[in-house]
Amino acid sequence: MQQQSIPDHVPTGLVYDFDYVNAPVGCVHPQYEQSRKLKQEAPEIFFTPRNGGHWVVRRAADAVEMFRRPEDFSSAPEYNNQRQWKPALLPVQSDPPAHAEYRKVLGAFFAPGNMRKLEDEIREIASGILDSIEQNGGCEFVTEVGEVFPITIFLRLVDAPLEDRKKLLKLAHTFTRSPDPQGRAKAVAGLAEYIRSLFDIRRENPGSDVLSQFVKSNFNGRPLNRDEEEGLGTLLFLAGLDTVRSAMSSIVAYLARNPEKYAQLVEDPDLIPNAVEELLRISGTSMPERAVSHDLEYKGIEFRRGDRIYFMLPLMSFDEELNEDSEEVNLRRELSRHLIFGSGPHRCAGSHLARIEVRILLEEWVKRFPKFSLKPGSVVRMASSTVWTPEAVELVWPSGGAQS
Amino acid sequence: MSERLVVRVDRTICTGHSLCVMRAPHVFRVDDEGFSLSDGDLVPTGLEEEARFGARACPEGAIHLETVESGSE
């Protein structure tokens, strides 16, 4: 673990030792456990010497405010010495006004209406995966479902062959599992190389897939350059895989441990859309980062240009300002408020797709598995990872699935 | 004169989450990309609770409901 000295401008009272990559390890429900721990022990905004030394924001109100000030809390790589990736990931590593232009390119494709059109195809993919494991009496959810489902959708969106799955998953793992900036940069370069080969094909033979859209789209009246195309394509891949896999795996592990909650979904599948929001609320995976663009003061705290700030979105769901009785999981909760998709201009562009993926997974799951549980003797271990995820979720169900 | 609710949306803050329309589909409207189109809309009588619910769902706090005398809007 890289332990660094505390910069001079950080007061001792604001230092708290927190390693966001390893924090989930040993937890059953890290989002809830770590939120409780930080509420009890840490200032609302604090500095940790871990992972290169960075600030941590744990309250929703601060995140919403700071995300709205990209001129102060920037996403651009020029202020962040740990995110010098090539290509820069777009639109996440850009600020307004350029960000808005990149975002238009993505936004048109990931628009809610456009994503709803994919529902049938997504359901077909989910059904195929679940049909293939139904008779097995159990599965390791993370690798057999959580990983396969979103990457199959991604490969359809970019119209790439399914056999590329293994190679791509390996690169994605290197990116999310390694807090080491060089290891992550290498994974980004590897993914960009793959995406480049797809772009070369699309330039010759454009189709209706999302990469063809990038080729056809323009940025302030000019075509996107190669770096921009690859930055958009690489991000698409990184953003849509590990996050969805992790959230789904956490959700299924939760339902396996809480059969009385799962029974509510089996008895009343119409409850699923509402339950998805509550289950997402407690299953946040991602912690975005900003870098301070100039020396400034926020809530009496002095920040220096180049300071990095991590936003603990998964913990903010347990902020009492967002939800009363925030630690209670209530699948009929009237309004499950959370920031797991972020807020402000960088709000997750894939949120509409992610919600559909999780809902369809659960709708198809309840049809096949009226009862399931963790494999006796197995333990769900949380990974050491920049995206919070279980390592493995071993499940069993009465063999023969719904027929038994 | 009876009181009515008018939707006020700060469109500089709306980022297209679409939760308003997910939670209160009879009150709110969004464009193709999920950004609010409801600024200035009169809340239909009887749907005040749904409107409040949808407004509260906005993660950005971009939606406010303003009370007006009916006929003035």
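Rules used in this analysis
- Residues numbered from 1 in each chain as written.
- Chains lettered and ligands numbered in written order.
- Predicted model: local features only at pLDDT ≥ 70, side-chain atom pairs only at ≥ 80, totals over all residues.
- Heavy atoms only, no water.
- Helix = DSSP H or I, 4+ residues; strand = E, 2+ residues; numbered from the N terminus.
- Buried < 20%, exposed > 50% of the residue type's maximum accessible area, 1.4 Å probe, protein only.
- Contact = heavy atoms within 4.5 Å.
- Areas by Shrake-Rupley, 256 points an atom, 1.4 Å probe, with all protein chains shown as cover.
- Lys, Arg positive; Asp, Glu negative; His and termini not counted.
- Charge placed at Lys NZ, Arg CZ, Asp CG, Glu CD.
- Pairing = 2+ DSSP bridges.
- Buried area = accessible area lost by both parts, 1.4 Å probe.
- Salt bridge = Lys/Arg side-chain N within 4 Å of Asp/Glu carboxyl O.
- Polar contact = N/O pair within 3.5 Å; in protein donor to acceptor, adjacent residues only side chain to side chain.
- Nonpolar A, V, L, I, M, F, W, Y, C, P; charged D, E, K, R; others polar.
- Axes fitted to C-alpha atoms, helices over the stretch in contact; angles between N-to-C directions.
- Phe/Tyr/Trp six-rings, centres within 6.5 Å; stacked < 30°, edge-to-face > 60°.
- Lys NZ or Arg CZ within 6 Å of the ring centre and 35° of its normal.
- Parallel < 35°, antiparallel > 145°, perpendicular 65-115°, else oblique.
- Left-handed = near helix turned anticlockwise from the far one by under 90°.
- Expected span 1.5 Å × (residues − 1).
- Arc of directions from axis to C-beta.
- Core = buried A, V, L, I, M, F, W, Y, C linked by side-chain atoms within 4.5 Å.

> Looking at this structure, I do not really get the overall build of chain A. What am I missing?
From N to C terminus, chain A includes 15 helices and 12 strands. When the backbone C-alpha atoms are referred to their principal axes, chain A occupies close to 65 × 55 × 35 Å. Put simply, chain A has 404 residues, and 61% of those count as buried. Of the contacts formed within chain A by residues at least 6 apart in sequence, a portion of 72% connects residues at least 24 apart. Counting only carbon and sulfur atoms, one obtains 49% of the accessible surface of chain A, whose full area is about 16300 Å². Where the 49 positive side-chain charges of chain A centre and where its 59 negative ones centre are 2 Å apart.

> Please clarify how the sheet that holds strand E12 (residues 394–396) of chain A should be interpreted in this entry.
The strands making up a sheet associate through hydrogen bonds between their backbones, and the pairing can be parallel or antiparallel. Read from one edge of the open sheet, 3 strands run E4-E12-E11 (chain A), paired in antiparallel fashion. Two strands bound the open sheet, and with one partner strand each, they are strand E4 (138–140) and strand E11 (373–374) of chain A.

> What exactly am I supposed to notice about the environment of A:Val387 here?
All names here are of chain A. Following the sequence through the fold, Val387 ends up in the loop between E11 and E12. Judged by its relative accessible area of 9%, Val387 falls in the buried class. Measuring from C-alpha to C-alpha, the distance between Val387 and Tyr20 comes to 9.3 Å, with 367 residues separating the pair along the chain. When neighbours within four sequence positions are excluded, Val387 is seen to be in contact with Thr176, Asp242, Thr243, Ser246 and Thr285.

> Just to check I follow, could you spell out the interface of chain B and chain A for this structure?
Taken together, the contact pairs 17 residues of chain B with 21 residues of chain A. Area buried by chain B at its contact with chain A is led by B:His17, B:Arg23 and B:Glu33, which between them contribute 32% of it. The tally of links between chain B and chain A comes to 1 salt bridge. Of the charged contacts in the structure, one is a salt bridge between A:Arg68 and B:Glu60, with a shortest N-O distance of 3.5 Å. Applying the counting criterion to the chain B and chain A interface returns 8 residue pairs in polar contact (both at pLDDT 80 or more). Within the residue set of the side of chain B that touches chain A, elements represented by two or more residues are helix H1 (19–23) and helix H2 (48–57) of chain B. Of the residues contributing to the side of chain B that touches chain A, the split by class is 7 nonpolar, 5 polar and 5 charged.

> Looking at this structure, how should I read the sheet that holds strand E10 (residues 308–311) of chain A?
Residues and elements named next belong to chain A. Here 5 strands make up an open sheet; going across it, the order is E1-E2-E10-E7-E3 and the pairing mixed. Of all the strands in the sheet, just strand E1 (45–48) and strand E3 (73–74) have a single pairing partner and so form its edges. Sitting on the sheet, helix H2 (residues 60–67) is in contact with E1, strand E2 (54–57), E3, strand E7 (289–292) and E10, with an inclination near 130 degrees to E10.

> Can you walk me through the pairing of E2(A) in this structure?
The side chains of a regular strand alternate, first on one face of the sheet and then on the other. All names here are of chain A. Going residue by residue along E2, you find His54 and Val56 tucked away on one face and Trp55 and Val57 tucked away on the opposite face as well. Bridge analysis of E1 against E2 gives 4 bridges, and the strand direction is antiparallel. Note that in E2 the partner of Phe46 across the bridge is Val56. The loop that links E1 with its antiparallel partner E2 comprises 5 residues; one of these, Asn51, has a positive phi angle of about 50 degrees. Direction of pairing for E2 relative to E10: parallel, over a ladder of 3 bridges. Each residue of the ladder has a partner; that of Val57, found in E10, is Phe311.

> Before we go on, may I ask you to explain the packing of aromatic side chains in this structure?
Two aromatic rings are characterised by how far apart their centres lie and by the angle between their planes. All names here are of chain A. Considering all chains together, one arrives at 20 aromatic pairs over all chains under this definition. Ring centres of Phe154 and Phe237 lie 4.9 Å apart, and the angle between their planes is 75 degrees; on these two criteria the pair is classed as edge-to-face. A residue pair is termed long-range when its members are at least 10 positions apart, and Phe154 in helix H7 (residues 148–157) and Phe237 in helix H11 (residues 226–257) qualify at 83 residues. A connected cluster of aromatic rings, assembled from ring pairs, spans Phe141, Tyr262, Trp365, Phe369, Phe372 and Trp397. Stacked on the ring of Phe175, the Lys or Arg Arg184 has its end atom at 4.3 Å from the ring centre.

> Is there a simple way to explain the packing of H7(A) against helix H8 (residues 165–177) of chain A in this structure?
The angle between the axes and the distance between the axes are what describe a pair of packed helices. Residue and element names in this part refer to chain A. Contact geometry for H7 and H8: axes closest at 11 Å, N-to-C directions at 115 degrees. Taken together, H7 and H8 sit at an angle that is classed as roughly perpendicular. Where H7 crosses over H8, the handedness of that crossing is right-handed. Counting all contacts with H7, which are made through Val148, Ile151, Thr152 and Leu155, the residues of H8 involved are Arg165, Leu168 and Leu169. For the contact of H7 with H8, a count of residues per class yields 5 nonpolar, 1 polar and 1 charged.

> Honestly, helix H1 (residues 30–41) of chain A in this entry has me stumped. Any pointers?
Residue and element names in this part refer to chain A. Compared with an ideal rise of 1.5 Å per residue, which puts 12 residues at 16 Å, H1 spans 16 Å between its outermost C-alpha atoms and is within 8% of the ideal. Those residues of H1 that fall on the buried side of the exposure criterion are Pro30, Gln31, Gln34, Ser35 and Leu38. Seen end-on, H1 carries its buried residues on one side only, within an arc spanning 120 degrees. For H1, the secondary structure elements touched by its buried residues are E1, H11 and helix H14 (313–316).

> Which parts of the structure should I look at to understand the packing of H11(A) against helix H15 (residues 351–368) of chain A?
Residue and element names in this part refer to chain A. Relative to each other, H11 and H15 sit at 35 degrees, their axes nearing to 11 Å. Seen from above, H11 lies across H15 with right-handed handedness. From H11, Val244, Met248, Ile251, Val252 and Leu255 reach across to H15, where they touch Glu357, Val358, Leu361, Leu362 and Trp365.

> Would you take a moment to explain the nonpolar core for this structure?
Soluble globular proteins: nonpolar side chains tend toward being buried together. Residue and element names in this part refer to chain A. Counting 89 residues, the largest nonpolar core has Phe141, Phe214, Trp365 and Leu395 as the members making the most contacts within it. Per-element tally for this core: the top contributor is H11, with 14 residues. With near-sequence residues (within four places) excluded, Trp365 lies in contact with Leu130, Ile133, Phe141, Val252, Tyr262, Phe372, Leu395 and Trp397.

> What's the story with the side chain of A:Gln82 in this structure? I'm lost.
Residues and elements named next belong to chain A. Mapped onto the fold, Gln82 is located in the loop between E3 and helix H3 (98–109). Under the relative-accessibility criterion, Gln82 is labelled buried at 18%. Residues contacting Gln82, with those up to four places away along its chain left out, are Asn51, Gly52, Pro181 and Arg308.

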